[in-house]
Amino acid sequence: MLEERIITCINCPMGCRMNVQLEDGAVKSVTGNTCKRGETYAHQECTMPVRMVTAVVAVKDSPMPLSVKTRTPIPKAKIFECMKELSRVTVSRPVHEKDVVLENVCGTGVDVIATRNLL
Amino acid sequence: MMEHLKKDLVIVGGGPAGLAAAIAAWEDGIRNLVVLEREHQAGGILRQCIHNGFGLHRFGEELTGPEYAQRDIDRAKELGIPIQCDTTVLEVTEERQVTCVSEQEGLQIIDAGAVILSMGCRERPRGALGTPGTRCSGVFTAGTAQKFVNLEGYMPGKRVVILGSGDIGLIMARRMTLQGAKVLACVELMPFSSGLNRNIVQCLEDYNIPLYLSHTVTKIEGRDRLTGIEVSEVGPDRRPIPGTQMHFDCDTLLLSVGLLPENELTRGANVTISPVTSGAEVEDTLQTDRPGIFACGNVLHVHDLVDFVSEESFRAGHAAAAFVRGNLPKAETVRVSDGEGVRGVVPQKIRKGISEEVRLMFRPAQVFKKASAVVECNGREIARKRAMIFTPGEMAVVPLKADVVAGLDGDVTVRMEVGS
Ligand SMILES: Cc1cc2nc3c(=O)[nH]c(=O)nc-3n(C[C@H](O)[C@H](O)[C@H](O)COP(=O)(O)OP(=O)(O)OC[C@H]3O[C@@H](n4cnc5c(N)ncnc54)[C@H](O)[C@@H]3O)c2cc1C
Ligand code: SF4
């Protein structure tokens, strides 16, 4: 199956609009990029897009939440599922920056960790 | 109760700017100093910026706001720098007398050898917009909403429209979406967004949130709570075009229409303020035109990258330390001005006869492709920076090498030149 996608390169302020030709999910050609970085990005974005997720989780006996992040980016398609799992998490003090708040979120193999201290 | 103290250095504001300045001054041997911070914790606005993307220049990795702030807080603690929180500075005089108040210490008056102003910036409020409509609730600045959601754990609404496509507005579009709200649109007056491409892609396009360029909010509806807004297209004169109205049912409107340096204290100290940056006018040392009063970070000019805030503030800290020691003599200066296509060059003055690198920072007035920023002294070109693109959303930096600075023999102008 042939598919055409228009995407914006995010690697610099030029923001090149790229035309990506895909065949059965594989990248056939990239046009519109000004430099090599655009092509690399187009491949990544069209075959395996990933995103960092940052959010907050509830804290026991406090209205103030704790900020967290995925340790590394996770597949883009898993973002909402990740948020859903995080909405069920409540942590108790003390928590230190980098402590694991949720292991292996949505089976991605990636842990969610605290981004600040809560003492 | 009133206490009268003497300090070598007082730093107003414990955000990334104040922390970096304090660290630099301490490392230069200034021990009798204090950082005064209004909030309960240091870290400034970064505490509520839980997204990542901070620190790439300075640390070579992408941190979240709280992680970036913590590194400086940890360093300050390790050195033993006193940070006095819950303390609001009420006044700074030209003679460097600082008045502050806190619950623990009451009213304090501090005679300071030098003062560093690092109070950050605030968002343009609703009043500054002149959007017609009722005074119903449900209209917030994007930063206020960010504070509610990220620090206080409270969602301000369910159906949201965002006015302004600066980075804070874009970040909040994604944040509200992830927390379960429906973000209907992001509306931008200008024909381009001032936000980063990365944020347009990852905060709007990822969630199919439409971006309406050259549009604005023309009506706000609702009695107690916002119930809807009207959006119209604008012409090249940025006035609404009749007949182009669109209606959105929403309970929340977030405003992300620009930041303004917070300079009430600066004015009170009789420091000259630049009408272009809305911050103090400074020399290359970041000293204002009042001796011993320095300014750095967002209170000086609005930065988009906190890494640059830290870099600038380290320099302010070193310079303030030199002043305290009597090693920063008053010097004659040359003037640095905005030429065509350039807005708000900082610093506005460079000392004559020094041979140190000076970084000129400014915003292009519009988007320039395949262009150069050209620096001239007495009409003679002394530096040039070429780039594929310059945009108003990104601060441009042109370094002047030490030997070039040493040779300055007249006023300096920075201008944009297309084609290179
Ligand atoms: C809502 C918002 C979101 C932002 N998001 C981003 C982002 O995503 N990425 C990015 O790179 N930059 C972002 N910025 C820009 C960011 O502000 C800067 O990168 C950086 O935080 C500026 O540091 P600063 O120390 O100059 O100011 P701030 O971080 O604002 O710190 C100023 C400090 O001074 C204190 N203060 C002010 N007045 C007084 C007083 N009278 N007495 C005592 N203390 C006082 C304040 O409480 C505050 O802690 C954002 C700015 C805002 C307003
Ligand atoms: S393709 Fe190259 S020039 Fe174009 S936006 Fe990406 S990094 Fe920038």
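Residues numbered from 1 in each chain as written. Chains lettered and ligands numbered in written order. Predicted model: local features only at pLDDT ≥ 70, side-chain atom pairs only at ≥ 80, totals over all residues. Heavy atoms only, no water.

Topic: the packing of helix α4 (residues 142-152) of chain B against helix α5 (residues 167-178) of chain B
Residue and element names in this part refer to chain B.
Line of reasoning, step 1. Orientation of α4 relative to α5, taken along the N-to-C sense of each, is 35 degrees, at an axis distance of 9 Å. For the pair α4 and α5, the crossing hand works out as left-handed. Contacts from Ala-142, Gly-143, Ala-145, Gln-146, Val-149 and Asn-150 of α4 reach α5 at Ile-168, Gly-169, Ile-171, Met-172, Arg-175 and Met-176.
Line of reasoning, step 2. When grouped by side-chain class, the residues that make up the contact of α4 with α5 number 7 nonpolar, 4 polar and 1 charged. (Axes fitted to C-alpha atoms, helices over the stretch in contact; angles between N-to-C directions. Helix = DSSP H or I, 4+ residues; strand = E, 2+ residues; numbered from the N terminus. Left-handed = near helix turned anticlockwise from the far one by under 90°. Contact = heavy atoms within 4.5 Å. Nonpolar A, V, L, I, M, F, W, Y, C, P; charged D, E, K, R; others polar.)

Quick look at the interface of chain B and chain A
Line of reasoning, step 1. Between chain B and chain A, the contact holds 28 residues from the first and 28 residues from the second.
Line of reasoning, step 2. Here chain B packs against chain A, burying approximately 2400 Å² in sum over the two surfaces, 58% of which is carbon and sulfur.
Line of reasoning, step 3. A per-residue breakdown of the area chain B buries against chain A is headed by Glu67(B), Leu178(B) and Asn197(B), which together make up 21% of the total.
Line of reasoning, step 4. Where Asp206(B) meets Lys76(A), a salt bridge forms, and the shortest distance between an N and an O atom there is 3.3 Å.
Line of reasoning, step 5. Counting across the chain B and chain A interface gives 5 residue pairs in polar contact (both at pLDDT 80 or more).
Line of reasoning, step 6. For the side of chain B that touches chain A, the secondary structure elements donating two or more residues are α3 (65-79), α4, α5, α6 (197-204) and β25 (380-390) of chain B.
Line of reasoning, step 7. When its residues are assigned to classes, the side of chain B that touches chain A shows 9 nonpolar, 11 polar and 8 charged. (Buried area = accessible area lost by both parts, 1.4 Å probe. Salt bridge = Lys/Arg side-chain N within 4 Å of Asp/Glu carboxyl O. Polar contact = N/O pair within 3.5 Å; in protein donor to acceptor, adjacent residues only side chain to side chain.)

Remarks on the domain arrangement of chain A
Line of reasoning, step 1. As assigned here, chain A comprises domain 1 (2-47) and domain 2 (54-114).
Line of reasoning, step 2. A separation of 31 Å is found between the C-alpha centroids of domain 1 of chain A and domain 2 of chain A. (Domains from an automatic or database assignment.)

Here we look at the confidence of the model for chain A
Line of reasoning, step 1. Mean pLDDT over chain A: 95, with 100% of residues reaching 70 or higher.
Line of reasoning, step 2. Mean pLDDT across the secondary structure elements of chain A bottoms out at strand β1 (residues 2-8) of chain A, with 92, and peaks at strand β10 (residues 112-114) of chain A, with 98. (pLDDT = per-residue confidence, 0-100.)

Observations concerning the site of ligand 1
Residues and elements named next belong to chain B.
Line of reasoning, step 1. Glu-37, His-51, Phe-54, Asn-298 and Asp-304 are the nearest of the 34 residues found near ligand 1.
Line of reasoning, step 2. Contact between ligand 1 and Ala-17: an oxygen atom at 2.9 Å from a main-chain N or O atom of the residue.
Line of reasoning, step 3. Separating an oxygen atom of ligand 1 from a backbone N or O atom of Asp-304 is a distance of 2.8 Å.
Line of reasoning, step 4. For ligand 1, whose unbound accessible area comes to 970 Å², protein coverage reaches 93%.
Line of reasoning, step 5. Going through the elements one at a time, α1 (16-27), β6 (87-92), α4 and α8 (306-324) are the ones with two or more residues in the shell around ligand 1.
Line of reasoning, step 6. In terms of residue count, β6 provides more of the shell around ligand 1 than any other element does, 3 residues in total.
Line of reasoning, step 7. Residue composition of the shell around ligand 1, by class: 15 nonpolar, 14 polar and 5 charged. (Near = heavy atom within 4 Å. Areas by Shrake-Rupley, 256 points an atom, 1.4 Å probe, with all protein chains shown as cover.)

Thoughts on the sheet that holds strand β2 (residues 17-23) of chain A
All names here are of chain A.
Line of reasoning, step 1. If you walk across this open sheet you meet the 3 strands as β1-β2-β3, and the pairing is antiparallel. Looking at the sheet topology across the chains shown, the edges are occupied by β1 and β3 (26-31). Averaged over all adjacent pairs, the angle separating strand axes in this sheet is 25 degrees, with direction ignored.
Line of reasoning, step 2. Of the pairings in the sheet, the one linking β2 to β3 comprises 5 bridges and is antiparallel in character. (Pairing = 2+ DSSP bridges.)

Some points on the sheet that holds strand β24 (residues 368-377) of chain B
Residue and element names in this part refer to chain B.
Line of reasoning, step 1. Here we have 5 strands laid out as an open sheet, ordered β22-β20-β27-β24-β25, and mixed in their pairing. The open sheet has two edge strands, β22 (349-351) and β25, and neither has a second partner. Sheet twist, expressed as the average angle between the axes of neighbouring strands with direction ignored, equals 25 degrees.
Line of reasoning, step 2. Across 3 bridges, the pairing between strand β20 (residues 333-338) and strand β27 (residues 412-418) is parallel. The partner of Ser-337 across the bridge, within β27, is Thr-413.

Looking at helix α2 (residues 79-87) of chain A
Line of reasoning, step 1. When α2(A) is considered as a whole, its buried residues turn out to be Ile79(A), Cys82(A), Met83(A) and Leu86(A). Across the axial projection of α2(A), the buried residues extend over an arc of 100 degrees, all falling on one side. (Buried < 20%, exposed > 50% of the residue type's maximum accessible area, 1.4 Å probe, protein only. Arc of directions from axis to C-beta.)

Regarding the domain arrangement of chain B
Residues and elements named next belong to chain B.
Line of reasoning, step 1. Splitting chain B by domain gives domain 1 (1-123 + 258-328), domain 2 (125-257) and domain 3 (331-420).
Line of reasoning, step 2. The straight-line distance from the C-alpha centre of domain 1 to that of domain 3 is 26 Å.
Line of reasoning, step 3. Taken together, the 19 residues of domain 1 in the interface contact 20 residues of domain 3.
Line of reasoning, step 4. Both sides together, the interface formed by domain 1 and domain 3 hides about 1600 Å², and carbon and sulfur atoms give 53% of it.
Line of reasoning, step 5. Where domain 1 meets domain 3, there are 4 salt bridges.
Line of reasoning, step 6. Across the salt bridge formed by Glu-281 and Arg-335, the nearest N and O atoms sit 3.1 Å from each other.
Line of reasoning, step 7. In terms of residue class, the side of domain 1 that touches domain 3 is built from 7 nonpolar, 5 polar and 7 charged.

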